[in-house]
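Secondary and tertiary structure notes
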Amino acid sequence: MRPVTKIATGFVFAFGALRFNGFDLLLNPVGWLVCVSGLSQLQRSADGPFSRARSSAVVMVCVSLVAVVVPGAQSGYPLMVLPVKHVIDIADTAGALIAVWLTVDAVIRRVRPCGDISRAALLDVLRWAVVGLGALGMLVGYGYTGLNPVLPIAWFAAVVALIVVLYRSARLPYLSPIWGPTAS
């Protein structure tokens, strides 16, 4: 599987939900692990953009694993567990948005120098849409704005569009792990 395909598939697992008896069959930690795998293949140096994106995805593996393990509000646990769950949920959402930003930024930094300016611009717009609408969604969850029906639909559309663009970009030669910049 190509690295960018792994990243897009990881986003499907991380942001998608396929519920069965209240349990999400698309486990977020698995999605972030698939992202880590794809980002590792594209990483060239320890301080490059794919390395930073990979580090954020590794952190998200841990955070989303904790979010899966910590009991929710519907369980019979004491009320003291609920603030911990809220903090973990905020960390999970904010970390996911940061990981998306860094991942798409790394892809843009690989695409733009190769002359594919329109794809880089589209990815940049989608990155802003996913992260901006996701941040607004966090505020909606706590009652700070009144965009309840519109915001989740717009965010979902932005995530789907980003994933589709990543899947369509996977076969580009400059997004392969063996690509190297040409000497001028």
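In case you missed it, the structure is sitting above this.
Chains are numbered independently. Their residues run from 1 in the order of the written sequence. It should be noted that, the model being predicted, local features are given only for residues of pLDDT at least 70 and side-chain atom pairs only at 80 or more, the latter also being counted only at that level, while totals for whole chains, interfaces and linings use all residues. Only hydrogens and water are removed before side-chain values are computed, so all heavy atoms of the structure are retained for them.

**A few points about the packing of aromatic side chains**
Selection criterion: Aromatic rings from Phe, Tyr and Trp, with only the six-membered ring used for Trp, were paired whenever their centres fell within 6.5 Å, and each pair was classed as stacked if the ring planes differed by under 30 degrees, edge-to-face if by over 60, and tilted otherwise. In DSSP terms, a helix is any run of H or I states spanning at least four residues, a strand is any run of E spanning at least two, and both are numbered starting from the N terminus. The classification of residues rests on relative accessible area computed with a 1.4 Å probe and restricted to protein chains. Under 20% of the type maximum is buried, over 50% is exposed, and intermediate values are partly exposed.
For the structure on display, the rule yields five aromatic pairs. Pairing F11 with W32 gives two aromatic rings, centres 6.1 Å apart and planes at 75°, and the pair type is edge-to-face. With a gap of 21 residues between them, F11 in helix α1 (residues 3-15) and W32 in helix α2 (residues 28-42) connect regions that are remote in the sequence. Residue F11 is classed as buried on the basis of its relative accessible area, which comes to 1%. Summarising the aromatic geometry, the rings of F15 and W32 are spaced 6.0 Å apart at their centres and angled 80° between planes, so their arrangement reads as edge-to-face. Placement of F15 in helix α1 and of W32 in helix α2 is noted, with a sequence separation of 17 residues between them. Ring-pair connections join several aromatic residues into one group, and the members of that group are F11, F15, W32 and W155.

**What about the nonpolar core?**
To be explicit about the condition: What is meant by a nonpolar core is a set of buried Ala, Val, Leu, Ile, Met, Phe, Trp, Tyr and Cys residues, joined one to another through side-chain atoms within 4.5 Å. Throughout, a residue-residue contact means that at least one pair of heavy atoms, one from each residue, lies within 4.5 Å.
Within the largest apolar cluster, 39 residues are counted, with the highest numbers of intra-cluster contacts made by F11, W32, L123, L162 and L166. Mapped by element, the contributors of at least two residues to this core are α1, α2, α3 (49-69), α4 (81-111), α5 (117-141) and α6 (150-169). Apart from residues no more than four positions distant in its own chain, L166 is found in contact with V4, I7, A8, F11, V107 and L123.

**Re the pattern of salt bridges**
Which entries qualify depends on this criterion: In the sections that follow, a salt bridge refers to a side-chain nitrogen of Lys or Arg positioned within 4 Å of a carboxyl oxygen of Asp or Glu.
Under the criterion given, the structure shown has five salt bridges. Here D89 ties to K85 by a salt bridge, and the two come within 3.4 Å at their closest N and O atoms. In this pair, D89 and K85 both sit in helix α4, four residues apart, roughly one turn of the helix. Given the relative accessible area of 16%, K85 is considered buried. The residue R109 makes a salt bridge to D105 at a minimum N-O spacing of 2.9 Å.

**Some words on the environment of P29**
Here P29 shows up in helix α2. Since its relative accessible area comes to 10%, P29 is described here as buried. Sequence separation of P29 and V68 is 39 residues, and the distance between their C-alpha atoms is 8.5 Å. Setting aside residues up to four positions removed in sequence, P29 forms contacts with V61, S64, L65 and V68.

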